[in-house]
Amino acid sequence: MANLSEQVALTQLEDRLTSAYVDIPTDRIQSAMRSAQAQFEDSKIRDFVPLLVERRVRAELANT
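Structural notes, computed from the coordinates. (Residues numbered from 1 in each chain as written. Predicted model: local features only at pLDDT ≥ 70, side-chain atom pairs only at ≥ 80, totals over all residues. Heavy atoms only, no water.)

**Quick look at the overall build of the protein chain**
A tally of helices and strands in the protein chain yields 3 helices and 0 strands. The N-to-C order of helical and strand elements in the protein chain reads α-α-α. The globule rule puts the C-alpha radius of gyration for 64 residues at 11 Å, and the 11 Å found for the protein chain is close to it. For the C-alpha atoms alone, the extent of the protein chain along its principal axes is close to 35 × 20 × 15 Å. Looking at the protein chain residue by residue over its 64 residues, the buried ones come to 28%. Nonlocal contacts in the protein chain, meaning residues at least 24 apart in sequence, comprise 54% of its contacts between residues at least 6 apart. (Helix = DSSP H or I, 4+ residues; strand = E, 2+ residues; numbered from the N terminus. Rg over C-alpha atoms; globule rule 2.2 N^0.38 Å. Buried < 20%, exposed > 50% of the residue type's maximum accessible area, 1.4 Å probe, protein only. Contact = heavy atoms within 4.5 Å.)

**Quick notes on helix α1 (residues 4–20)**
With 17 residues, α1 ought to run about 24 Å at 1.5 Å a step, and its terminal C-alpha atoms sit 24 Å apart, in line with that. Of all the positions in α1, only E6, L10, L13 and L17 are classed as buried. Along the axis of α1, the buried residues cluster in a sector spanning 55 degrees; they form a single face. Of the exposed residues in α1, those oriented more than 90 degrees away from the buried face are L4, S5 and S19. (Expected span 1.5 Å × (residues − 1). Arc of directions from axis to C-beta.)

**Observations concerning the nonpolar core**
In terms of nonpolar packing, the biggest core is built from 14 residues, with L17, I29, M33, V53 and V57 touching the most fellow members. Secondary-structure elements contributing two or more residues to this core are α1, α2 (26–39) and α3 (49–62). Other than its neighbours up to four places away in sequence, I29 contacts L17, T18, Y21, I24 and L61. (Core = buried A, V, L, I, M, F, W, Y, C linked by side-chain atoms within 4.5 Å.)

Following this line, the structure appears as structure tokens:
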């Protein structure tokens, strides 16, 4: 399970993404985030997970 600071960073990321992509429904952004997070579920080093999730989600949403 992710630690508290990772969860805070991901919550802040969701806020930034919903502000940046106002044309995209929030549930679509949340779905993209869950999908990206799942790819890093077994990662031992958690420090960069929010950054990696952000990059993947922004790339996915840019293609929408």
